[in-house]
Amino acid sequence: MVNNNINQKIKDKHWSKKYVCESLGINQCVMSLFISGVRVPSQDRLKKMAKFLGCKVTDLYPQAKAKRVTIYELN
């Protein structure tokens, strides 16, 4: 499982997960898998998510920045 800050970024915006999912066109079950770290979003989806949440991709997955790896290497 991959640790991330997706849930915290959503909470920081005071938005519901349902609102974020509907806005990004992501199924709520899939978002739950992203938040729990079971799945990692595609690069395109991750960029859209970061833009929508007003942050950088590395804010969502800080270990990628620390290790200087791509998101796909986190699995």
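It should be noted that the structure appears before, not after, this text.
I will try to describe carefully the structure that is included in this document.

Scoring rules and cut-offs
Residues numbered from 1 in each chain as written. Predicted model: local features only at pLDDT ≥ 70, side-chain atom pairs only at ≥ 80, totals over all residues. Heavy atoms only, no water. Helix = DSSP H or I, 4+ residues; strand = E, 2+ residues; numbered from the N terminus. Buried < 20%, exposed > 50% of the residue type's maximum accessible area, 1.4 Å probe, protein only. Contact = heavy atoms within 4.5 Å. Axes fitted to C-alpha atoms, helices over the stretch in contact; angles between N-to-C directions. Parallel < 35°, antiparallel > 145°, perpendicular 65-115°, else oblique. Left-handed = near helix turned anticlockwise from the far one by under 90°. Core = buried A, V, L, I, M, F, W, Y, C linked by side-chain atoms within 4.5 Å. Arc of directions from axis to C-beta. Polar contact = N/O pair within 3.5 Å; in protein donor to acceptor, adjacent residues only side chain to side chain.

Focus: the overall build of the protein chain
Phase 1 of the analysis: A tally of helices and strands in the protein chain yields 6 helices and 0 strands.
Phase 2 of the analysis: Across the protein chain, helices and strands are ordered from the amino to the carboxyl terminus as α-α-α-α-α-α.
Phase 3 of the analysis: For the protein chain, buried positions account for 33% of its 75 residues.
Phase 4 of the analysis: Across the protein chain, contacts joining residues at least 24 apart in sequence account for 54% of those joining residues at least 6 apart.

So, the packing of helix α2 (residues 17-24) against helix α3 (residues 28-36)
Phase 1 of the analysis: Axis separation between α2 and α3 bottoms out at 10 Å; the angle between their running directions is 110°. By the angle between their directions, the pair α2 and α3 is classed as roughly perpendicular. At the point where α2 passes α3, the crossing takes the right-handed sense. Here K17, K18, V20 and C21 of α2 come into contact with α3, specifically with Q28, M31 and I35.

So, the nonpolar core
Phase 1 of the analysis: Among the nonpolar cores identified, the biggest contains 18 residues, and I6, M31, F34, M49, L60 and Y61 are the most heavily contacted of them.
Phase 2 of the analysis: In terms of residue count, the dominant contributor to this core is helix α4 (residues 43-53) (4 residues).

Quick look at α4
Residues lying three or four places apart along an α-helix face the same way, a consequence of the helix completing one turn every 3.6 residues.
Phase 1 of the analysis: Taken together, the buried positions of α4 are occupied by L46, M49, A50 and L53. An end-on view of α4 places all buried positions within 95° of arc, on one side of the element. Exposed residues pointing more than 90 degrees away from the buried face of α4 are listed as D44, K47, K48 and K51.
Phase 2 of the analysis: Buried residues along α4 sit against α1 (6-12), α2, α3 and α5 (57-60).
Phase 3 of the analysis: After α4 finishes, the residue G54 shows a positive phi value of roughly 70°.

Re the environment of S16
Phase 1 of the analysis: Its place among the elements puts S16 in the loop between α1 and α2.
Phase 2 of the analysis: Of the polar contacts made by the side chain of S16, one reaches the backbone nitrogen of Y19; its length is 2.9 Å.

As for the environment of N7
Phase 1 of the analysis: Residue position: N7 is located in helix α1.
Phase 2 of the analysis: C-alpha separation for the pair N7 and L60, spaced 53 residues apart in sequence, amounts to 8.9 Å.
Phase 3 of the analysis: In this view, N7 contacts K17 and I35; residues no more than four positions away in its chain are not counted.
Phase 4 of the analysis: A polar side-chain atom of N7 sits 3.3 Å from a polar atom in the side chain of K17.

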